[in-house]
Amino acid sequence: MSEIVATRPLASLRLSPARLRAALPFVSLALMLLAIGWLNPRAISYLGFNLMLNLAVPVALATIAQLFVITVNDLDLSAGYFISFIACIAVTTLGDHPFLGGLAIIGSIAIYAAIGALIHLRDLPSIVVTLGMSFVWQGFALMVLPQPGGKAPEWLQGLMGIRIPFVPFPIVAVILIGLVGHIILMRTPYGAVLRGVGGNSAAVARAGWSVLSARILAFTAAGVFGVLSALSLVGLSTAADANIGAGYTLLAIAGVILGGGEFTGGRVSAPGAVAGAVTLTLASASLLSFMRIPPDWQIGANGLILVIVLAVRAAIGRRP
Amino acid sequence: MTALRREFFAKPWIWSFMGAVLVFMVSLAFTGGAGAGGMAVAALSLAAFAVVVGLGQMFVISLGPGNVDLSLPANIGLASAVAMKIMGGSDAWILAGILAACAGGLAIGLANYWLIRALRIPPIIATLSMSFIVQSIDIAYGRGLQVKPPPAFADFTDWRLLGIPVFVLLVIAITVVAAIALDRTLYGRSVLAIGQNMRAAWLAGVKVERIRCFTYGLCGLLGGLNGALLAAYFRGSSVDIGNEYLLASIAVVVIGGTSVAGGRANVPGLWGAALFLVLLQIMLNTFGADASVRLVTTGLVIIAVITAAGGRRQLR
């Protein structure tokens, strides 16, 4: 992957393919909105967006969580069941004993940080470790909430039920999420080190930075955004079950890739990832139902969109 | 004696067999020796399923960093439905059903490779996209499918030879063939060469793309075969029949001593690791642990084993 880093300065010489690639996630999203507007003009309205994009908020947060892990060249396959576990805590302990619930959530983020440290210290494949952790979180979720149910705290439901005039709340929320992710990754020294670890961790280490701290930071950030995703999810659903977030692992990875993130090399884009997450949410929930395609094909549509966008990206040129 | 000892410790997969024996002993001590035969047969049968997909995953992972097949669970689910539908409960169609399941799996594997090659994307993303698509096809195709396997096919999973299920012996035979293929054939050596250094292998004249194509196809085919066998064993197909084989296929490869960095594979270790994981589940069952405890323990054990064994490089 070192070639990519080496050719990077060339990007400024041949601007057009690079710009096309960067614009691709937003073009896909615009096309998706156009298709929805064409199929059902009434969906493009204040109420329509509130309904269609509600679930985009937790998906976007889960995507940013995954983005941090992918930035340091790892992959988090436990994200979905982590979100499930936090959701189960949120509808049980958090409402009855806010202090205990908060403590459990902070402890879970600490476990995330520890996993990052373990992966780095023992040089382990993140896929295997996080796959193992997905079983652990799933087990924890079942222990907390053996049967579907529970009740999200009022304040959480209130927060997700906010209606602001003129602009649908989910749109403001996802733009804010993308902006926060962008600022952390692109505008702070920590973000630069994280991306550096993804690009060339040996160089980062030689420059005097601790790769261990960087990886812990990336996993901690993933834990924090995972928690936010779970909280926003139960704010919408009001109840939970142990499998509520199971689909989020793959959805979030797909969102990152759709948003122009490279799988290695620390080349990621937070606004792009959020656009990718919104595109996938719109595709699976709204577009298919407006096209009267049975929900059986929801997951398949996500796969197909992924393939099409990647094909377009390959056609534009792999290395700008 | 020291040479023997060195030989022993040089083979990390022996540990997985020792772990399996240990866990088996603990379960037997708990039950007071009751049900040892039934436990062993159940463990062998369930381990055989993990080994079939583990073999495919092992060849794929051995191709080098980043190579992994995430579409196996969807593939297995679809294959189980295809096999049951083609057989339609009739003994005459058993072979056709198995062949159709294998052909479907092979097609998915080749499509995986085509995506990797044509779109120039990492295998994880290619096989992930493919698994989304295959999963949807399976949901649409196999929903509410209530076809039982033909009586002869279902009975086949109960046939015994010297007390060991015949299909387990068949899987052992497949493993032996795979071990020989890995060590003694051009194909096996090529896979390992690509895993060690793809460019060097290409320069040395290895038909890199042909081998990669064949490997992804093989992995898909074994997934299809596993789907058909599972449907016979569990007396019917289901959409999520393959779900546990995402972790299982990767875990048996890693615990079995195959390098996640590629270029080094270990076939006997697959059996040790599969038996270990299955017997662990059986042990927790005999303890009366509920599903949540079994999940947490399995996850922690996998992390503990990989931590103890240590990795060299990322599976990315």
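Note that this is a predicted model, so its numbers are computed, not measured.

What counts and what doesn't
- Numbering of residues starts from 1 in every chain and runs along the sequence as written.
- For this description, chains carry letters from A and ligands carry numbers from 1, given in the order in which they are written.
- Under the rules for a predicted model, residues below a pLDDT of 70 receive no local features and side-chain atom pairs below 80 are neither given nor counted, while totals for whole chains, interfaces and linings still include all residues.
- Heavy atoms throughout the structure, all of them, feed into the side-chain values; hydrogens and water do not.
- Using only the protein atoms, space was sampled on a 1 Å grid; points where a 1.4 Å probe fits but cannot get out form cavities, open sets with protein on both sides within 12 Å along at least five of seven lines form pockets, and lining residues are those with an atom within 4 Å of a point.
- Grid points are joined across faces, edges and corners, and a volume is the space filled by probe spheres set on the points.
- Per the convention used, a helix needs a DSSP run of H or I reaching at least four residues, while a strand needs a run of E reaching at least two, with both numbered from the N terminus.
- The rule is simple: take the accessible area with a 1.4 Å probe, protein chains only, and divide by the maximum for that residue type; under 20% is buried, over 50% is exposed, in between is partly exposed.
- For every residue, the pLDDT score states the predictor's confidence, bounded by 0 at the bottom and 100 at the top.
- Note on contacts: a residue pair is in contact if any heavy atoms of the two residues lie within 4.5 Å.
- Two parts lose some accessible area (1.4 Å probe) when they are put together, and adding that loss for both gives the buried area.
- The rule for a salt bridge is simple: a side-chain nitrogen of Lys or Arg has to be within 4 Å of a carboxyl oxygen of Asp or Glu.
- Distance and chemistry together define a polar contact, namely a pair of N or O atoms within 3.5 Å, with one atom able to donate a hydrogen and the other to accept it when in protein, and with adjacent residues in sequence counting only for side-chain atoms on both sides.
- Under the convention used throughout, the expected extent of a helix is 1.5 Å for every residue step, that is, one less than its residue count.
- Residues qualify for a patch when their relative accessible area is over 30% and they have no salt bridge, like charges being joined within 9 Å and the nonpolar side chains of Val, Leu, Ile, Met, Phe, Trp and Tyr within 5 Å.
- Computed by Shrake-Rupley with a 1.4 Å probe, the accessible areas treat only the displayed protein chains as cover when residues are assessed.
- All axes are obtained by fitting lines to C-alpha atoms, using only the stretch in contact for helices, and the reported angles, taken between N-to-C directions, cover 0 to 180 degrees.
- Small angles under 35 degrees read as roughly parallel and large ones over 145 as roughly antiparallel, with 65 to 115 read as roughly perpendicular and the rest as oblique.
- Throughout, a crossing is termed right-handed when the near helix is turned clockwise from the far one, and left-handed when it is turned anticlockwise from it by less than a right angle.
- Ten residue types, Ala, Val, Leu, Ile, Met, Phe, Trp, Tyr, Cys and Pro, are classed as nonpolar, four, Asp, Glu, Lys and Arg, as charged, and the remainder, Gly among them, as polar.
- As used here, the arc is the angular range of directions from the helix axis to the C-beta atoms.
- Classification of ring pairs rests on two measures: the distance between centres of Phe, Tyr or Trp rings, Trp counted by its six-membered ring, which must be within 6.5 Å, and the angle between planes, read as stacked under 30 degrees, edge-to-face over 60 and tilted in between.
- Two conditions define a charge located above a ring, namely a distance within 6 Å from the ring centre to NZ of Lys or CZ of Arg, and an angle within 35 degrees of the ring normal.

1. With respect to empty space enclosed by the protein
Residue and element names in this part refer to chain A.
Okay, step 1: All told, the structure shown has 4 cavities of 30 Å³ or more when counted by the stated rule.
Okay, step 2: Of the voids in this model, the second largest cavity is the one considered here, and its volume is about 40 Å³.
Okay, step 3: For the second largest cavity, the full set of lining residues is Ala62, Ala65, Gln66, Asp76, Ala79, Phe82, Ile83, Tyr112, Ala222 and Gly226.
Okay, step 4: At the level of secondary structure, the elements contributing two or more residues to the lining of the second largest cavity comprise α4 (56-71), α5 (79-91) and α12 (211-237).

2. Observations concerning the environment of Pro125(A)
Okay, step 1: For Pro125(A), the location among the structural elements is in the loop between α7 (98-121) and α8 (126-144).
Okay, step 2: C-alpha separation for the pair Pro125(A) and Asp74(A), spaced 51 residues apart in sequence, amounts to 8.0 Å.

3. Quick look at unusual backbone geometry
Negative phi is the rule for most residues except glycine; trans is the rule for most peptide bonds.
Okay, step 1: A positive phi angle is found at Thr238(A), which is not glycine, with a value near 65°.
Okay, step 2: Within the element layout of this structure, Thr238(A) appears in the loop between α12 and α13 (248-258).
Okay, step 3: Exposure remark for Thr238(A): the relative accessible area of 29% places this residue in the partly exposed category.
Okay, step 4: Although it is not a glycine, Arg120(B) adopts a positive phi angle of roughly 50°.
Okay, step 5: Position of Arg120(B) relative to the elements: it lies in the loop between α5 (94-118) and α6 (123-142).

4. Overview of the confidence of the model for chain A
Okay, step 1: With 94% of its residues at a pLDDT of 70 or more, chain A has an overall mean of 84.
Okay, step 2: Scored below 50 in pLDDT, residues 1-7 of chain A makes 5 contacts in the model with residues more than four places away or belonging to other chains.

5. Focus on the interface of chain B and chain A
A common way to state how big an interface is: give the accessible area lost once the parts meet.
Okay, step 1: Taken together, the contacts link 43 residues of chain B with 44 residues of chain A.
Okay, step 2: A buried area of about 4000 Å², summed over both sides, lies between chain B and chain A, and 75% of it is on carbon and sulfur atoms.
Okay, step 3: One can count 0 salt bridges joining chain B with chain A.
Okay, step 4: At the junction of chain B with chain A, the criterion picks out 2 residue pairs in polar contact (both at pLDDT 80 or more).

6. Considering helix α15 (residues 298-316) of chain A
Okay, step 1: The terminal C-alpha atoms of α15(A) lie 27 Å apart, and with 19 residues this matches the ideal 27 Å at 1.5 Å per residue to within 8%.
Okay, step 2: Among all positions in α15(A), only Gly300(A), Ala301(A), Asn302(A), Gly303(A), Ile305(A), Leu306(A), Val307(A), Val309(A), Leu310(A), Arg313(A) and Ala314(A) are buried.

7. Notes on the environment of Gly142(B)
Residues and elements named next belong to chain B.
Okay, step 1: Here Gly142 lies in helix α6.
Okay, step 2: When the C-alpha positions of Gly142 and Leu78 are compared, they lie 7.4 Å apart, and in sequence the two are 64 residues distant.
Okay, step 3: Apart from the residues lying within four places of it in its own chain, the contact partners of Gly142 are Ala81 and Ile137.

8. Notes on a nonpolar patch on the surface
Residue and element names in this part refer to chain B.
Okay, step 1: Taken together, the side chains of Leu22, Val26, Phe30 and Phe287 present a nonpolar region at the surface, about 380 Å² in accessible area.
Okay, step 2: Along the polypeptide, Phe287 turns up in the loop between α13 (268-286) and α14 (291-309).
Okay, step 3: With a relative accessible area of 36%, Phe287 lands in the partly exposed category.

9. Remarks on the packing of α13(A) against α6(B)
Okay, step 1: Their axes nearest at 11 Å, the elements α13(A) and α6(B) cross at an angle of 125°. Relative to α6(B), the element α13(A) is oriented oblique. Viewed along their axes, α13(A) and α6(B) form a crossing whose handedness is left-handed. On the side of α13(A), the interface is formed by Leu250(A), Leu251(A), Ile253(A), Ala254(A) and Ile257(A), while α6(B) contributes Ile125(B), Leu128(B) and Phe132(B).
Okay, step 2: Residues of the contact of α13(A) with α6(B), tallied by class, amount to 8 nonpolar, no polar and no charged.

10. Considerations on helix α10 (residues 169-187) of chain A
Residue and element names in this part refer to chain A.
Okay, step 1: The end-to-end C-alpha separation of α10 is 26 Å, in line with the 27 Å expected for 19 residues at 1.5 Å each.
Okay, step 2: Considered for burial, the residues of α10 that qualify are Phe169, Pro170, Ala173, Val174, Ile177, Gly178, Gly181 and Leu185. For α10, the angular spread of buried residues about the axis comes to 165°, placing them on one side. Pointing more than 90 degrees away from the buried face of α10 are the exposed residues Ile175, Leu176 and Arg187.
Okay, step 3: Tucked into the core, α10 has its buried residues touching α3 (46-53), α4, α9 (154-160), α11 (189-206) and α14 (270-290).

11. Observations regarding the packing of aromatic side chains
Residue and element names in this part refer to chain B.
Okay, step 1: Per the counting criterion, the structure on display carries 14 aromatic pairs over all chains.
Okay, step 2: A centroid spacing of 5.1 Å and a plane angle of 90° characterise the contact between Tyr233 and Phe234, whose relative ring orientation is edge-to-face.
Okay, step 3: For Tyr233, a relative accessible area of 23% translates into the label partly exposed.
Okay, step 4: Of the residues examined, Phe234 reaches a relative accessible area of 45% and is grouped as partly exposed.
Okay, step 5: Sitting over the face of the ring of Tyr141, Lys85 holds its NZ or CZ atom 4.2 Å from the ring centroid.

12. Section: the packing of α10(A) against α11(A)
Residues and elements named next belong to chain A.
Okay, step 1: Across the interface, α10 lies against α11 with an axial gap of 5 Å and an inter-helix angle of 75°. By the criterion of interaxial angle, the relationship of α10 to α11 is roughly perpendicular. Together, Ile184, Leu185, Met186 and Arg187 of α10 and Pro189, Gly191, Ala192, Leu194 and Arg195 of α11 make up the contact between the two elements.
Okay, step 2: Per-class residue counts for the contact of α10 with α11 are 6 nonpolar, 1 polar and 2 charged.

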